[in-house]
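Structure at a glance
Chain by chain, the residues:
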Amino acid sequence: LGVDGPLHSEGLAQFEPGDQLLLYTDGLIERRDQSIDRHIERLAELFAADTSALSVGGALDLLVAAARSSSHARGAPIDDDLAAVLIRHLHQTPS
């Protein structure tokens, strides 16, 4: 909405066993009174800290809790919708 030009592009990437792909809306990282760059960095740090050891639900809960705590610590409630999808390529079992 409100964007001119192409809305998406296509590409290919190799997705290996153990790889994870996190898709999220700006509600996870954007706060009206704070730097979006810092929240993106924090999300990347948390996600890189071996979220693969957690269940998919556990990893998403961790990221959402971190977003909520960083907002409330500065007195800025999350005032946007928040959605996240974590896709994890499971290791294949030899047949």
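Description of the overall build of the protein chain
- Scanning the protein chain for helices and strands turns up 2 helices and 2 strands.
- The order of α-helices and β-strands along the protein chain, N terminus first, is β-α-α-β.
- Within the protein chain, the proportion of its 95 residues that are buried is 23%.
- Across the protein chain, contacts joining residues at least 24 apart in sequence account for 75% of those joining residues at least 6 apart.
- Accessible area of the protein chain: about 7,000 Å², with a carbon and sulfur share of 55%.

A word on the side chain of threonine 51
- In this structure, threonine 51 sits in the loop between helix H1 (36–48) and helix H2 (56–73).
- Of the residues examined, threonine 51 reaches a relative accessible area of 1% and is grouped as buried.
- Setting aside anything within four residues of it in sequence, one finds threonine 51 in contact with Gln20, Leu46, Ala59, Leu62 and Arg88.

Concerning the confidence of the model for the protein chain
- Mean pLDDT over the protein chain works out to 80, with 83% of the residues at or above the 70 mark.
- Mean pLDDT in the protein chain bottoms out at H2, which sits at 80, and peaks at strand E2 (residues 84–88), which reaches 92.

Thoughts on H1
- Counted at 1.5 Å a residue, the expected span for H1 with its 13 residues is 18 Å, and the 18 Å between its end C-alpha atoms agrees.
- Among the residues making up H1, those that are buried are His39, Leu43 and Phe47. For H1, the angular spread of buried residues about the axis comes to 70 degrees, placing them on one side.
- At the N-terminal boundary of H1, the capping side chain belongs to serine 35, with an oxygen 3.3 Å from the backbone nitrogen of aspartate 37.

A short note on the environment of leucine 54
- Relative to the helices and strands, leucine 54 is located in the loop between H1 and H2.
- In contact with leucine 54, not counting residues within four places along its chain, are Ala59, Leu62 and Arg88.

Calculation criteria
Residues numbered from 1 in each chain as written. Predicted model: local features only at pLDDT ≥ 70, side-chain atom pairs only at ≥ 80, totals over all residues. Heavy atoms only, no water. Helix = DSSP H or I, 4+ residues; strand = E, 2+ residues; numbered from the N terminus. Buried < 20%, exposed > 50% of the residue type's maximum accessible area, 1.4 Å probe, protein only. Contact = heavy atoms within 4.5 Å. Areas by Shrake-Rupley, 256 points an atom, 1.4 Å probe, with all protein chains shown as cover. pLDDT = per-residue confidence, 0-100. Expected span 1.5 Å × (residues − 1). Arc of directions from axis to C-beta. Polar contact = N/O pair within 3.5 Å; in protein donor to acceptor, adjacent residues only side chain to side chain.

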